[in-house]
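Given next are the chains, with one letter for each unit.
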Amino acid sequence: AVDWLEVCCYGRNLVDSFFRWEGRNFSVEEEDRETPLFKKYYVVKHNGLEWAQIRQQPKSGIMKKGLTIIKLANRVLYHEKYVPFLMHLIQALNLYYKGLTRLDIAYDCNTFYCGRKPSRFVKNFVTKRVDEEGGMYVPKMKEYDFHLKKDIHTNGMINYLAIGAKGSKKRGYIYDKTLELQEVKDKPWIREMWEKNGLISDDKTHVWRAEISIKAQGTDLLNLETGQLFALHPNYLATYENIKKIFHFYAAKVFDF
């Protein structure tokens, strides 16, 4: 599934407004806040629920005038028509699409290939030398981060592994998603997706997530059919098969253990 989608657009400064999509009424409301890079911050809402965040009017003169960043709310990405909604939003605001700034694609599962337990897999990667049984490494990757959860009753459990340098265009993550939803922020729409796809998430069996985060220039992808490079457009993300192709294209590099 796509878990983060952020795009770059250009256009005139926004004002509070309304628009309709598929029989629903949406509002575009300015909030009294700034971000480190932008002066204006807008939220797109339907029935009080947030569907998108918009940042506009860059503070730096280096950034082009009219630059607009749109990020879809996480719950919207688990709606089957999130791409048509995004394209309609861009049109309704009289913006023109320039490109992707960030795309995260996530693979959720209870076990890895051949029934491997993700928790044991991550622990072996972090704690074992390459020459030990179960030891491994990722070619061309030299930097990793991990989180260790430990209390008085346990020996410690590694529940998060990040692969690649911070700030790089492509980075991989393997982490306990069940634990995150329990301890950080619950997302019922994700748990609903798990149930529909037969994944188990309870005290004994957790769902683990393998996620790839792609930023800006990293979104030039190899077209598997033609061998040509193309700049990724949101419309390509409208089908599950295409999302799967993108995940495996980057997984072959980031998750090559």
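Definitions and cut-offs
- Residues take numbers from 1 onward in each chain, read along the sequence in its written order.
- Local features are withheld for residues below a pLDDT of 70 in this predicted model, meaning they are given only at 70 or higher, and side-chain atom pairs are given and counted only at 80 or more; totals for whole chains, interfaces and linings count all residues.
- Values shown for side chains rest on all heavy atoms present in the structure; no hydrogens or waters enter the calculation.
- Per-residue accessibility, obtained with a 1.4 Å probe over protein chains only, is compared with the maximum for each type, and a residue is labelled buried under 20%, exposed over 50%, and partly exposed between these values.
- Every helix listed is a DSSP run of H or I at least four residues long, and every strand listed is a run of E at least two residues long, numbered separately from the N terminus.
- Pairs of strands are assigned from DSSP output, requiring at least two bridges between the strands.
- Distance and chemistry together define a polar contact, namely a pair of N or O atoms within 3.5 Å, with one atom able to donate a hydrogen and the other to accept it when in protein, and with adjacent residues in sequence counting only for side-chain atoms on both sides.
- By definition, residues are in contact when any of their heavy atoms lie within 4.5 Å.
- Note that the arc is computed from the directions linking the helix axis to the C-beta atoms.
- Buried Ala, Val, Leu, Ile, Met, Phe, Trp, Tyr and Cys residues form a nonpolar core when they are joined through side-chain atoms within 4.5 Å.

**Some details on the pairing of strand 11 (residues 208-215)**
Thinking step 1. Within strand 11, 7 of the 8 residues are buried, which leaves it mostly tucked inside the rest of the structure.
Thinking step 2. Examined bridge by bridge, strand 10 (residues 170-176) and strand 11 share 7 bridges and lie antiparallel to one another. From the neighbouring strand, Y173 faces strand 11, where its bridge partner is E211.

**A word on the side chain of H46**
Thinking step 1. Within the fold, H46 resides in strand 4 (residues 38-46).
Thinking step 2. Residue class for H46 comes out buried when judged on its relative accessible area of 13%.
Thinking step 3. Reaching out from H46, the side chain makes a polar contact with the side chain of N47 at a distance of 3.4 Å.
Thinking step 4. Ignoring any residue separated from it by four or fewer positions in sequence, one finds H46 in contact with R24, N25, F26 and W51.

**Section: helix 3 (residues 118-127)**
Structural remark: α-helix, 3.6 residues per turn; residues separated by three or four positions point the same way.
Thinking step 1. Turning to helix 3, its buried residues number three or more, namely P118, F121, V122, N124 and F125. With its buried residues spanning 160° around the axis, helix 3 presents them on a single face.
Thinking step 2. Those residues of helix 3 that are buried lie in contact with strand 8 (144-149), strand 9 (157-163), strand 10 and strand 11.

**Points about the nonpolar core**
Thinking step 1. Among the nonpolar cores identified, the biggest contains 62 residues, and L5, I70, Y82, F85 and L237 are the most heavily contacted of them.
Thinking step 2. Sorting elements by how many residues they give to this core places helix 6 (residues 240-254) first, with 7 residues.
Thinking step 3. Here L237 is in contact with V2, L5, Y82, V83, L103, L232, I243 and I246, once residues within four sequence places are set aside.
Thinking step 4. Listed in part, the 5 residues of the second largest apolar core include C8, Y10, F38 and L67.

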